[in-house]
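# Chains, contacts and geometry: an overview
Below are the chains, spelled out letter by letter.
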Amino acid sequence: MAKFIQHQLFYPQSPEVVWGYLTVPELMAQWLMPNDFKPVLGHEFQFRTKPMPALDFDGIIYCKVLEINPFKTLVYSWQFGPGDGTLHDSVVNWTLTGKDNGTELLLIHNGFDRTDTPIFAAMNAGWLQNINKILQLINAKTDGTTPA
Amino acid sequence: MEQHRLDAFQVVADPSRRQILHLLTKDSLTINALAENFAMSRPAVSKHVKVLYNAGFISIEDVGRERRCALKQDGFKDLQKWLEYFDAFWDSKLKKLESLLNDKTTKK
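Residues numbered from 1 in each chain as written. Chains lettered and ligands numbered in written order. Predicted model: local features only at pLDDT ≥ 70, side-chain atom pairs only at ≥ 80, totals over all residues.

A separate point is helix H1 (residues 15–23) of chain A. Three or more residues of H1(A) are buried, namely A:Pro15, A:Val18, A:Trp19, A:Tyr21 and A:Leu22. Around the axis of H1(A), the buried residues are gathered within 160° of arc, so they sit on the same side. (Buried ≥ 20, exposed ≤ 12 C-beta atoms within 10 Å, placed from the backbone. Helix = DSSP H or I, 4+ residues; strand = E, 2+ residues; numbered from the N terminus. Arc of directions from axis to C-beta.)

Here it is, written out as structure tokens:
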């Protein structure tokens, strides 16, 4: 099971140009979502999109600038929920690298609540096989034999 | 008796419940066998087991006089759906950014 999201793209524009699209609210709104971002450490802001009741998502993403290093890195928290006050944690990390007259943009969206724990690591390896094995064992045992 | 149904994230936020899940990745276990791994009382362990069961993380089978717990995939799918949703979300947004930047270049 994947624990984080990663996307890497190359844009033929300079890191300064790409940075603008990550940090100027009007430019961010053009491709991402309406927001009240400010390139200031600790600034709290929101993204707004349409609610998705099927996903228990009210359409508001609560963020806070955690790290900002102009033209290089930008990290903000990314919390979301159904609108009843409970929020899921996660973190969005942007890294820009100037390369071949353009910019390599790396996005890592991670820290989904407690997904970085050993249980999830354990599940990565052969999760389904384990489930099937366990289910088979249970099925074999429901015929009245004593569990081992 | 089920006061408040916890979502998948709240369920795994509790360290005891995470440990129960971790123990169950190795083998299915009875509630008594699980309880042996904890300092808390058997009823307390049983309560955590119930939370995990309600959230679809584990199955409980009656085997003789024992109740045997095993991992179930549903609860994890709930977590997985968010990862999948935002994965697709970023994929489409970053492509939008790409076409936006391309337009900008051609217009120059």
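On we go.
Let us look at the pairing of strand S3 (residues 66–71) of chain B. Residues and elements named next belong to chain B. Where strand S1 (residues 29–30) meets S3, 2 bridges bridge the pair, whose relative direction is antiparallel. Residue pairing in the sheet places Thr30 in a bridge with Arg68 of S3. Pairing between strand S2 (residues 58–63) and S3: 6 bridges, direction antiparallel. Considered in S3, the bridge of Asp62 is made with Arg67. As consecutive antiparallel partners, S2 and S3 are separated by 2 residues, and within that stretch Gly64 has a phi angle of approximately 60°, a positive value. (Pairing = 2+ DSSP bridges.)

Judged by nonpolar contacts, the single largest core of 18 residues is most densely connected at A:Val18, A:Leu22, A:Trp78 and A:Trp94. Listed by contribution, the elements that provide at least two residues to this core are H1, strand S3 (60–69), strand S4 (73–79) and strand S5 (91–99) of chain A. For A:Trp78, the residues in contact, after removing those within four places along its chain, are A:Ile61, A:Cys63, A:Ser90, A:Val91, A:Val92 and A:His109. Among the nonpolar cores identified, the runner-up in size contains 16 residues, and B:Val11, B:Leu24, B:Ala35 and B:Leu52 belong to it. (Core = buried A, V, L, I, M, F, W, Y, C linked by C-beta atoms within 7 Å. Contact = placed C-beta atoms within 7 Å.)

What follows is about the sheet that holds strand S1 (residues 5–11) of chain A. In a beta sheet, neighbouring strands are held together by backbone hydrogen bonds and run either parallel or antiparallel to one another. All names here are of chain A. Pairing is antiparallel across the open sheet formed by 6 strands, whose spatial order is S1-S6-S5-S4-S3-S2. Two strands bound the open sheet, and with one partner strand each, they are S1 and strand S2 (44–48). Taken over all neighbouring pairs, the strand axes of this sheet differ in orientation by 25° on average, direction set aside. Judged from the 5 bridges that link them, S4 and S5 form a sheet pairing that is antiparallel. Counterpart to Leu74 in the pairing with S5 is Trp94. (Axes fitted to C-alpha atoms, helices over the stretch in contact; angles between N-to-C directions.)

So, on to the environment of A:Ile61. All names here are of chain A. Inspection of the secondary structure assignment puts Ile61 in strand S3. C-beta crowding within 10 Å serves as the criterion here: with 23 such atoms nearby, Ile61 is assigned to the buried category. C-alpha of Ile61 to C-alpha of Phe47: the two residues are 14 residues apart in sequence and 5.0 Å apart in space.

For the rest of this paragraph, the subject is the confidence of the model for chain A. All names here are of chain A. Mean pLDDT over chain A works out to 80, with 74% of the residues at or above the 70 mark. Low pLDDT, under 50, characterises residues 116–139; the predicted model gives this stretch 29 contacts beyond four residues in sequence or across chains. In the model, residues 142–148 has pLDDT below 50 throughout and makes 6 contacts with residues more than four positions away in sequence or in other chains. (pLDDT = per-residue confidence, 0-100.)

Residues and elements named next belong to chain B. Relative to the elements of secondary structure, Ser59 occurs in strand S2. Overall, Ser59 belongs to the partly exposed group, with 19 C-beta atoms counted inside 10 Å. Spatially, the C-alpha atoms of Ser59 and Ala70 are 5.3 Å apart, while their sequence positions differ by 11 residues. Non-local contacts of Ser59, meaning those with residues more than four positions away in its chain, are made with Ala70 and Lys72.

All names here are of chain B. Interhelical geometry of helix H2 (residues 15–26) versus helix H4 (residues 42–54) gives an angle of 75° and a closest axis separation of 10 Å. Here H2 is positioned roughly perpendicular relative to H4, judged by the angle of their axes. Residue-level inspection shows Ser16, Arg17, Ile20 and Leu21 of H2 in contact with H4, the latter providing His48, Val49, Val51 and Leu52. Here the residues of the contact of H2 with H4 sort into 5 nonpolar, 2 polar and 1 charged. (Parallel < 35°, antiparallel > 145°, perpendicular 65-115°, else oblique. Nonpolar A, V, L, I, M, F, W, Y, C, P; charged D, E, K, R; others polar.)

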